[in-house]
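Results of the structural survey
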Amino acid sequence: MPDSPAGPPSPPVPLAELLAREELGLHRIAGPGQADLLWVHTSEMADPYPYLLGGELLLTAGVQLTDPDTYVARLVQAGAAALGFGVAPVYDTVPAALVEACDRHGLPLLEVPPETRFTAVARAVWRLMAEARHRELRRVTRAQQALATAAARPDPVPAVLRQLAVQLEARVALLTADGGVLHAAGGRPAPDVQTALARLARVVAPSASSAPSAPSGPTGHAPGAAPGVMPGAAPGVMHPGAAPPAAGPGRKPSPSSATDTRAGTHLFAYALGGGQGLALVLATPRRDSGDHTVAGIAVVLLSLLTAPHQGADAAGRSAALVRLLLGAAPQDVAPLLGDGDPWTVVHARRADGTPAGPLNAGALGAALGSALSDVDRETVRVLLPGPHEPVAPQPGWTLGVSGPAPVSALPDADTQASRALGHAEATRTPLSTHRPGTGGLAALIPPDRAEAHARTLLAPLTEPLAETLRCWLGLHGSWDRTAVALKVHRNTVRQRIARCATLLDADLDDMDVRTELWFALRRG
């Protein structure tokens, strides 16, 4: 059977909802009445098996239908959800042998009337999927708000678990690696379900005395089967922030989540971060597409709430992050991070041009002395809190470093680091640091008057033009270096600079003009 898709772009559409669209005139004439549709596919091949992913409503007019039983059997093997047979132009009615084959193999068979085009059926399915996706997003948003509110209560951990149990209509519990229950909410499950949940907890958060192997079975096993890894969490892939398992000969990394089933009950386990060896487990009678997202929100909040705090700095940063998740404005949480202490932003890219991943970002952050790192496309961003040693070049990286800034001015520091990185790449140097340019003749002019003059002088320029002019002047009028720094073609730089000269009605070859513009760009 072909590999299952990583996941549908939206929740599956029940077959009954499609049949309820009266304008299509579809009728189920064979097979079960329940099925979940993930895709729509049209094919007139004698055997479309190699081209199916699973979950499709396959539409056909039977152009090459010669052996209905074999045809239907192959569709079932490929995981097709239903078969739609178009009456006309090949057949006046649905072949009886095809009806019998669908009943025998348990595949829903729909009769598509002559006046209904296949494209109309496909359009209806996509519209239903979009509506289902919208409903799911609203449900996830409501759940996120409810969980965040619960996290702000005086007893946040039990409150989050109770709210999660309500949102997912599930039994939820916070377990230790040895199966001990710290907190729980929801109805008490059967003893065999409790045992299976404890087993899943040991899979994602093994104790120091255990050495489980990563599960190898597929997701959603029958009762008694070994637990499997959740979609998107392959064996050995750790949840961000999760504590790694104890090292040892032959020991494999633990997955971040796992799933199992017991008598129709879906079981889930998620590892919490923070190095505590805790796991969030759930038991629910049904499994909706958004449940994994809702559970992931709870995992983040519970990881923050249960993580050990070994100092005032760590406690303040954790509290600030929780408040940001709850909707607080950055300026409101700045005091928790020590607003008077300067922070530094570092932007970095791989010197060889290869994309940077989370592991590269974490390694760079560790080398710079900070655990606060992030990957934004191909750029790694690192926050260096408080006083620190000057940033040194790092092998294999090109760095741009901002000037020291309070927490409330971090967006400006982020811009400084981005510009410094562009300058470093343009000049082919491993590190460039933003220099504030204080002192000298510019300091003799009152800042308010300087800023007013800069705004007036640069008013005709759009932001992209002003940034191009600033970069071009900073690189001494080099077209090629400016193109590298801005990641545009050199002709684009020429066109923008010519446009600046026209809008400003200035001769940019004149050194006096360049000096005044540079002063304005630094002040504006």
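This is a predicted model, so every value here is computed, not measured.

What follows covers the overall build of the chain. When helices and strands are tallied, the chain shows 16 helices and 18 strands. Evaluated residue by residue, the chain yields a buried proportion of 41% over its 524 residues. Across the chain, contacts joining residues at least 24 apart in sequence account for 64% of those joining residues at least 6 apart. As presented, the chain carries roughly 26500 Å² of accessible surface, and 54% of it is formed by carbon and sulfur atoms.

Regions with low pLDDT carry predicted coordinates that are not meant to be interpreted in detail. Per-residue pLDDT for the chain has a mean of 80; in total, 83% of the residues score no lower than 70. In this model, residues 1–9 is a region of pLDDT below 50 whose contacts with residues beyond four sequence positions or in other chains number 18 contacts.

This part covers the nonpolar core. Counting 29 residues, the largest nonpolar core has Leu-147, Leu-161, Leu-164, Val-172, Leu-280 and Leu-282 as its most contacted members. If you list the elements that add at least two residues to this core, you get helix H4 (118–151), helix H5 (156–168), strand E8 (171–175), strand E12 (265–271), strand E13 (279–284) and helix H7 (291–306).

Together, Asp-507, Asp-510, Asp-512 and Glu-516 give the surface a local cluster of negative charge. Residue Asp-510 is classed as partly exposed on the basis of its relative accessible area, which comes to 31%.

With that settled, the discussion passes to the pattern of salt bridges. Taken as a whole and assessed by the stated rule, the structure comprises 16 salt bridges. Between Arg-349 and Glu-425 there is a salt bridge, with the nearest N and O atoms lying 2.7 Å from each other. Taken together, the residues span a long stretch of sequence, with Arg-349 in strand E14 (residues 344–350) and Glu-425 in helix H11 (residues 410–427) at a distance of 76 residues. By relative accessible area, which is 15% here, Arg-349 ends up buried. By relative accessible area, Glu-425 is classed as buried at 18%. Among the ionic pairs, Arg-381 bridges to Asp-414, the shortest N-O distance being 3.9 Å. Of this pair, Arg-381 sits in strand E16 (residues 379–384) while Asp-414 sits in helix H11, placing them 33 residues apart in sequence. Judged by its relative accessible area of 29%, Arg-381 falls in the partly exposed class. A cluster of three or more residues bridged by salt bridges with shared partners is formed by Arg-349, Glu-378, Glu-425 and Lys-487.

The next thing to look at is the sheet that holds strand E6 (residues 82–86). In spatial order, the strands read E2-E7-E6-E5-E4; together these five strands make up an open sheet with mixed pairing. Edge positions in the sheet fall to strand E2 (27–30) and strand E4 (39–42), since each has one partner strand and no second. The mean inter-strand angle of the sheet, taken between neighbouring strand axes irrespective of direction, is 30 degrees. Pairing analysis gives four bridges linking E4 to strand E5 (residues 56–60), with the strands arranged parallel. Bridge assignment links Trp-39 to a residue of E5, and that residue is Glu-56. Most of the contacts of helix H3 (residues 96–105) go to E2, to which it runs at about 80 degrees, and overall it touches E2, E6 and strand E7 (109–112).

Moving on to the packing of aromatic side chains. Applying the stated criterion across every chain, the model contains two aromatic pairs. One residue, Arg-350, lies across the ring of Trp-397, its end atom 5.0 Å from the ring centre.

Judged by pairing direction, the sheet is mixed, and its five strands sit side by side in the order E15-E16-E14-E17-E18 without closing on themselves. The strands lining the two open edges of the sheet, one partner per strand, are strand E15 (373–376) and strand E18 (431–433). Strand-to-strand twist of the sheet, defined as the mean angle between neighbouring strand axes without regard to direction, takes the value 20 degrees. Docked against the sheet, H11 engages E14, E16, strand E17 (397–401) and E18, running at close to 35 degrees with respect to E14.

As for its placement among the helices and strands, Thr-259 is situated in strand E11 (residues 257–262). Engagement of the side chain of Thr-259 in a polar contact is seen with the backbone oxygen of Leu-267, the distance being 2.8 Å.

As a further point, take the packing of helix H2 (residues 68–78) against H3. Their axes nearest at 8 Å, the elements H2 and H3 cross at an angle of 35 degrees. H3 is crossed by H2, and the crossing has right-handed handedness. Of the residues in H3, those touching H2 at Pro-68, Asp-69, Val-72, Ala-73 and Val-76 are Ala-97, Leu-98, Ala-101, Cys-102, Arg-104 and His-105. Partitioning the contact of H2 with H3 into residue classes produces eight nonpolar, one polar and two charged.

Below, the discussion takes up the side chain of Thr-398. In this structure, Thr-398 sits in strand E17. In this structure Thr-398 comes out as buried when scored by relative accessible area, which is 12%. Not counting the four nearest positions on each side in its chain, Thr-398 is found in contact with His-347, Ala-348, Arg-349, Ala-351, Leu-421, Ala-424, Glu-425, Thr-429 and Pro-430.

Further remarks concern H11. A rise of 1.5 Å per residue sets the reference length of H11, with its 18 residues, at 26 Å; its end C-alpha atoms lie 25 Å apart and thus fit the reference within 8%. For H11, the elements touching its buried residues are E14, E16, E17, E18 and helix H14 (479–486). One or two residues past the end of H11 sits Arg-428, with phi positive at roughly 60 degrees.

The buried fraction of E14 is high, at six of seven residues. Sheet topology note: the E14/E17 ladder contains five bridges and is antiparallel. Counterpart to Ala-348 in the pairing with E17 is Leu-399.

Relative orientation of the contacting elements H11 and H14 amounts to 135 degrees, with a least axis distance of 8 Å. In terms of orientation, H11 and H14 fall into the oblique class. Here the hand of the crossing between H11 and H14 comes out right-handed. Listed contacts from H14 to Gly-422, His-423, Glu-425, Ala-426 and Thr-427 of H11 are Arg-481, Val-484 and Ala-485. A per-class count over the contact of H11 with H14 returns three nonpolar, three polar and two charged.

Reading guide: rules and limits
Per chain, the residues get numbers from 1 upward, laid out in the order the sequence is written. Residues qualify for local features only when their pLDDT is at least 70, as the model is predicted, and side-chain atom pairs are given and counted only at 80 or more; totals for whole chains, interfaces and linings, by contrast, use all residues. The side-chain quantities take in all heavy atoms of the structure and omit both hydrogens and water. Secondary structure is summarised from DSSP: a helix means a run of H or I of at least four residues, a strand means a run of E of at least two, and numbering begins at the N terminus for each. Residue exposure (1.4 Å probe, protein chains only): buried if accessible area is under 20% of the type maximum, exposed if over 50%, otherwise partly exposed. In what follows, residue pairs with any heavy atoms lying within 4.5 Å of each other are defined as contacts. Computed with a 1.4 Å probe, the accessible areas rest on the Shrake-Rupley method; for each residue, only the protein chains presented here act as cover. Per-residue confidence from the predictor is reported as pLDDT, which spans 0 to 100. Nonpolar cores are built from buried Ala, Val, Leu, Ile, Met, Phe, Trp, Tyr and Cys residues. Side-chain atoms within 4.5 Å join them into one set. Excluding any residue in a salt bridge, patches collect residues exceeding 30% relative accessible area, merging like charges within 9 Å and nonpolar Val, Leu, Ile, Met, Phe, Trp and Tyr side chains within 5 Å. Think of a salt bridge as a Lys or Arg side-chain nitrogen and an Asp or Glu carboxyl oxygen that are within 4 Å of each other. When charges are counted, neither His nor the chain ends are considered; positive counts come from Lys and Arg and negative counts from Asp and Glu. Where a charge lies is defined by one atom per residue type: Lys uses NZ, Arg uses CZ, Asp uses CG and Glu uses CD. For two strands to count as paired, DSSP must find a minimum of two bridges between them. The angle between two axes is taken between their N-to-C directions and runs from 0 to 180 degrees, where each axis is a line fitted to C-alpha atoms and a helix contributes only its stretch in contact. Centre distance within 6.5 Å is the pairing criterion for rings of Phe, Tyr and Trp, where only the six-membered ring of Trp is used; planes under 30 degrees apart are then read as stacked, over 60 as edge-to-face, and the remainder as tilted. Counted as over-ring charges are cases with an Arg CZ or a Lys NZ within 6 Å of the ring centre that also lie within 35 degrees of the ring normal. By the criterion applied in these results, polar contacts are pairs of N or O atoms within 3.5 Å in which, for protein atoms, one can donate a hydrogen and the other can accept it, and in which residues neighboring in sequence qualify only through two side-chain atoms. A crossing counts as left-handed when the near helix is turned anticlockwise from the far one by less than a right angle, and as right-handed when that turn is clockwise. All residues other than Ala, Val, Leu, Ile, Met, Phe, Trp, Tyr, Cys, Pro, Asp, Glu, Lys and Arg, Gly among them, are scored as polar; the first ten of these are nonpolar and the last four charged. Between the first and last residue of a helix there are one fewer steps than residues, each counted as 1.5 Å, and that sum is the expected span. If an angle is under 35 degrees, it is roughly parallel; if it is over 145, roughly antiparallel; if it lies from 65 to 115, roughly perpendicular; otherwise it is oblique.

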